[in-house]
Amino acid sequence: MKPDRIAADSALTALAPLVWGSTYLVTTEMLPPDRPLLAATVRALPAGLILLAIGRTLPRGTWWWRAAVLGALNIGAFLYLLFVAAYHLPGGVAALVMAVQPTVVLVLSALLLKERITALHATACALGIAGVGLLALTPRAGLDPVGVGAGLLGALSMASGIVLTKRWGRPQGVGLLTFTGWQLSFGGLLLLPVTLIGEGLPGAVSGRNLAGFAYLGIIGALFAYAIWFRGVERLPALTVSMLGFASPLAATALGYLVLHETLSPAQLAGALTVVAAVVLARPRSAENARRRRRKPPGASPGPAPVPPPGRASSPVPAARHHDNCPDT
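Residues numbered from 1 in each chain as written. Predicted model: local features only at pLDDT ≥ 70, side-chain atom pairs only at ≥ 80, totals over all residues. Heavy atoms only, no water.

Caption draft 1: Here's a closer look at helix H8 (residues 145-168). Under the 1.5 Å per step criterion, the end-to-end length of H8 is 34 Å for 24 residues, consistent within 8% with the ideal 34 Å. Where H8 terminates, the next one or two residues include Gly169, which has phi positive at roughly 70°. (Helix = DSSP H or I, 4+ residues; strand = E, 2+ residues; numbered from the N terminus. Expected span 1.5 Å × (residues − 1).)

The following block contains the structure:
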């Protein structure tokens, strides 16, 4: 893959966690209070059903249970745990707890994808967590144990979903939007009965609530998950997971712009640290391959081979031994 293509895919994929960074603000400012199950269900199920209606393709064979597993990990369990963390923790702290996800992806990629753990990758994960810590840990940050536990389990759920999506790929002939619709639908259907039993429906829903649900369903689910799964297909699992650090950056920026929160020098340093972590985790295989194939400047063809004595009557055409392969 060419470096410019990697950069373009990374930039597009990063839009998803940037959108998800607004989840904390929308949850606390626009949704009915204390209803994480309802928020997760309304976010996932309508978007999934819309994509299924567009694609008109259902899973076949082993993809019934694979799509169910991916829907549970990437959507159902993850969204519920995300909203629990968002209700019990300040937005930045919730993002900090979820920041362990790249480390989990690093370990699972080594176990399931046979990817080698390098010192550079480990350093990137450590820098990312440190940067999010500088962004999130303010004097007013509270560490509710329920929120922390939900955040850690949510990070484990999404990390497992990323690695399994990378391992299983996408069925041949199935479009990206349809594949996204399978997972959103399975995740939403998993959440629906739990929501009705555990929380029920609110007695009244305001226009502000409806606007919040619409934003999370259309922008936060249908749009964001489509480009996220596209990135999972095209980029290494760790790179995709590291792009998730854009979420706390967005949450911090929105807190500054919308809620008029102040940014300390430590938070600005944390933002730069997060960016450095993402840069360290970017794919390098294509660049290294190009560097190995590139000839040094001024290189000249080697001398033509000299035929052994007594074999002059069958000369070897030396020109055929030149490396004429183009540098791709």
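Caption draft 2: The arrangement of the packing of aromatic side chains in detail. Scanning the entire structure with this criterion turns up nine aromatic pairs. Measuring from ring centre to ring centre gives 6.3 Å for Trp64 and Phe186, while their planes differ by 90°; the resulting arrangement is edge-to-face. Here the residue Trp64 occupies a position in helix H4 (residues 63-88), and Phe186 occupies one in helix H9 (residues 176-198), the gap between them amounting to 122 residues. Both rings, one in Phe179 and one in Trp182, keep their centres 6.3 Å apart while their planes meet at 65°; by these two values the pair is edge-to-face. Separated by three residues within a single helix, Phe179 and Trp182 lie in helix H9, roughly one turn from each other. Here Phe179 falls in the buried class, since its relative accessible area comes to 2%. According to the relative accessible area criterion, Trp182 is buried, its value standing at 3%. Three or more aromatic residues link up through ring pairs in this structure, and these residues are Trp20, Trp63, Phe179, Trp182, Tyr225, Trp228 and Phe229. Looking at Arg66, its charged tip hangs above the ring of Trp63, at a distance of 5.4 Å from the centre. (Phe/Tyr/Trp six-rings, centres within 6.5 Å; stacked < 30°, edge-to-face > 60°. Buried < 20%, exposed > 50% of the residue type's maximum accessible area, 1.4 Å probe, protein only. Lys NZ or Arg CZ within 6 Å of the ring centre and 35° of its normal.)

Caption draft 3: Spatial organisation of the environment of Ala110. Structurally, the position occupied by Ala110 is in helix H6 (residues 101-112). For Ala110, a relative accessible area of 25% translates into the label partly exposed. For Ala110 and Val163, which are 53 residues apart along the polypeptide, the C-alpha to C-alpha distance reads 9.9 Å. When near neighbours in sequence (up to four residues on either side) are disregarded, Ala110 contacts Glu115 and Ile117. (Contact = heavy atoms within 4.5 Å.)

Caption draft 4: Main features of the side chain of Arg230. When you line up the elements, Arg230 lands in helix H10 (residues 207-234). If we skip the residues at most four places from it in the chain, Arg230 touches Asp9, Leu12 and Leu176.

Caption draft 5: Local environment of the packing of helix H3 (residues 36-55) against H10. The geometry of H3 relative to H10 is characterised by a closest axis approach of 8 Å and an angle of 55° between their N-to-C directions. Viewed along their axes, H3 and H10 adopt a mutual orientation that is oblique. Where H3 crosses over H10, the two elements pack in a sense that is right-handed. Only Phe213, Leu216, Gly217, Gly220, Ala221 and Leu222 of H10 make contact with H3, whose side of the interface consists of Leu38, Ala39, Val42, Arg43, Ala47, Ile50 and Leu51. The residue inventory of the contact of H3 with H10, partitioned by class, reads ten nonpolar, two polar and one charged. (Axes fitted to C-alpha atoms, helices over the stretch in contact; angles between N-to-C directions. Parallel < 35°, antiparallel > 145°, perpendicular 65-115°, else oblique. Left-handed = near helix turned anticlockwise from the far one by under 90°. Nonpolar A, V, L, I, M, F, W, Y, C, P; charged D, E, K, R; others polar.)

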